[in-house]
Amino acid sequence: MFAASLSPPSIPPHPSTTATTAPALSETKQLQALLLKTGAAQNRLLSLGANRTGPADPSLIARALVLLSHSPNPTPTPSFLRNTILQSLSQSPHPQRAILLYSASLEYAIPPTPHTFPSLLKSLSLLLALREGSQIHAHIVKLGFKSDLHSRNALIHLYASCGCVDRARKAFDGMPQRDVVSWNAMIAGYARNKLSGAALELFRELQLAGGVAPDEVTLVAALTACADAGALRLGEWAHRYIRRHRMDGRIGVNTALIDMYSKCGCIDRAVEIFENIAVRNLVAWTAVINGLAINGCGRTAIEYFDRMVMEDGIEPDEVIFISVLSACSHSGLLDEGRRLFDEMKGQYRLVPQAEHYGCMVDLLGRAGRLDEALELIRTAPFKPTAVLWRTLLGACKVHKNVGIGEAAMQEIQRLDPHHHGDHVLMSNIYATAGQQDDAVHMRRRMKKQGIGKEPGCSVIELDGRVYSFVVEDKLHRHSREVHVMLDRIERELRKAGNVPETAVAPAAHHSERAAVAFGLMRTAPGTTLRVVKNLRVCEDCHVAMKLISKIYGREIVLRDRSRFHHFKDGSCSCGDYW
DNA sequence: ATAGGGTTAG
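Residues numbered from 1 in each chain as written. Chains lettered and ligands numbered in written order. Predicted model: local features only at pLDDT ≥ 70, side-chain atom pairs only at ≥ 80, totals over all residues.

## As for the overall build of chain A
Part 1: Each helix and strand counted, chain A has 30 helices and six strands in total.
Part 2: Evaluated residue by residue, chain A yields a buried proportion of 46% over its 578 residues.
Part 3: Counting contacts in chain A only where the partners sit at least 6 residues apart, residues at least 24 apart contribute 65% of the total. (Helix = DSSP H or I, 4+ residues; strand = E, 2+ residues; numbered from the N terminus. Buried ≥ 20, exposed ≤ 12 C-beta atoms within 10 Å, placed from the backbone. Contact = placed C-beta atoms within 7 Å.)

## Let's talk about the UniProt feature "domain: DYW" (unreviewed entry) in chain A
Part 1: In the numbering used here, UniProt assigns the feature "domain: DYW" (unreviewed entry) to residues 509-578.
Part 2: Summarising residues 509-578: 36% helix, 23% strand, and an end-to-end C-alpha distance of 21 Å. (UniProt positions renumbered as here; feature names shortened; annotations may be inferred.)

## Digging into the domain arrangement of chain A
Part 1: By the assigned domains, chain A splits into domain 1 (178-279) and domain 2 (457-572).
Part 2: One C-alpha centre belongs to domain 1, the other to domain 2, and the line joining them spans 28 Å.
Part 3: With 10 residues of domain 1 at the interface, the matching set in domain 2 holds 10 residues.
Part 4: Here the side of domain 1 that touches domain 2 gets three residues from one element, more than from any other, and that element is helix α15 (residues 232-244).
Part 5: Split into classes, the residues belonging to the side of domain 1 that touches domain 2 amount to five nonpolar, three polar and two charged. (Domains from an automatic or database assignment. Nonpolar A, V, L, I, M, F, W, Y, C, P; charged D, E, K, R; others polar.)

## Points about the UniProt feature "repeat: PPR" (unreviewed entry) in chain A
Part 1: Those residues carrying the UniProt feature "repeat: PPR" (unreviewed entry) are residues 179-213, 281-316 and 317-347 in this numbering.
Part 2: Segment residues 281-316 splits into 75% helix and 0% strand. End C-alpha atoms: 11 Å apart.
Part 3: The straight-line gap between the two end C-alpha atoms of residues 317-347 is 12 Å; of that span, 84% is helix and 0% is strand.

## Details of the pairing of strand β1 (residues 457-462)
Part 1: For β1 and strand β2 (residues 465-470), the ladder comprises six bridges, and the chain directions are antiparallel. Looking at the pairing, Ser458 lines up with Phe469 of β2.
Part 2: The pairing of β1 with strand β3 (residues 529-533) spans three bridges and is classified as antiparallel. Across the sheet, Ile460 pairs through a bridge with Val531, a residue of β3. (Pairing = 2+ DSSP bridges.)

## Concerning helix α28 (residues 479-495)
Part 1: Taking 1.5 Å per residue as the helical rise, α28 with its 17 residues ought to reach 24 Å, and the 24 Å between its terminal C-alpha atoms agrees with that figure.
Part 2: Listing the buried residues of α28 in full gives Val482, Met485 and Ile489. Down the axis, α28 shows its buried residues gathered within 65 degrees of arc, on one side only. Those residues of α28 that are exposed and aimed more than 90 degrees away from the buried face are Arg480, Val484, Asp487, Arg491, Arg494 and Lys495.
Part 3: Where α28 is buried, its residues contact α29 (511-522) and α30 (539-551).
Part 4: Taken from the residues just after α28, Gly497 is the one with a positive phi, measuring 90 degrees. (Expected span 1.5 Å × (residues − 1). Arc of directions from axis to C-beta.)

Printed below as a string of structure tokens:
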């Protein structure tokens, strides 16, 4: 029953009905001969399970396992061998065979053991097979293995990989005892699902709980959360911990540090760590190049890319091309971006995916080549995605192009009509082009369709705590003082001659301003303010931030949805190109 | 024999 519900098309037939099937039989005979020598049988079975060239029929393997159990000296046991094969499958290019083998082994009455589940669940995590995972979970409970530590750890990982952090947390909370892996699975699970607050809270809890010492994996997970939240102070604390515990020789730890520092706007420190790594790999190069990209150092990013190929002889992959192409688009490096896109296809024989086309559309579009960007989307060797059209729509906003904007909007409406922000963008395009009626109409249509607007949210880290502000937040516990400060800033801005762009919605209460106002009040004069925002910064706020940096003599590092703005002395590192 | 980690456009 259970096996049937797991994977209907691949249920192994019962042995009595198929024992005479020719190809399977001959393979079985071969196996039978090999079974005389246990070691050889084990190797053969392992290669059948994991090898690309071996038969993919897990039923055959299960049958062989049964034969093995009838051999004069049935050691290792079929259960043991099944578990071993499951383990190798979880690291093979065919994790889906693990489910099939498990089902088959049940049909052949090979009993599961606690060791069966960690590797089986690992395969399911790779496949993001939530439904099958839940069934296995139920099965584990039924078999009485639910307290098995390793299985439970794997379950936490599986649920978190599938985005079900609540179910992961339930499994975590219900554990009779936890080891460092349990904590790591849960903290990393939160971090990978962008729940950095929850991840850091649990990291703190781990330290308070005592008894379990954090290891490198814990620190990597915590750093990932710091990177996501832009929590520099906590990240620095983690860095000191890493040094104190001599974890700084590990490439993974250093890569996480590079990512954390660059996502907190400290690209110099990120580069310094990178330069001190003894042996660098592709992931470390990707992290530093991506850091340079989001911090607006496009030319340096390209230099590093060339260095990687020339000095280390490392072949680039699809992932690093996303980073290096986005470096070009953030810095407006049109020719370099085109060159790299061509090299990707020609020299490196990689197939550009929607992501790479997205970078190119962004690069061309923002550089004002809207026609070319449109042409690229239309000639893409796959069905253009809503995201691609949305990227073009964003470029139309920058260049106030109503015509192409409408074309893009039409495609978006067809592909993904309920996404937040598209109507706002289109309405703003109309507004900046002076078509007020169309702008209003677009806003009305949005309301009529019941499409909300993703609320803008900004966070600022002060004294190791993360404070978050939502747009026009009246309920925030610091609301009163923040509003007083915002009004004061507003007056200063007007005194400095700042006239907001009235064509689009008023931006004076955007969340980044509240965060900055709070930071200005709560920190000593001259302290750098670091703010992370979930959306892109609008033009008005960008102008305002430049002025605030000058008026109050502060550096403001604002991380946007996609990049950094370093405001200082009235200007921004992005050179107003973003 | 088993479980957890680092890079990814808009």
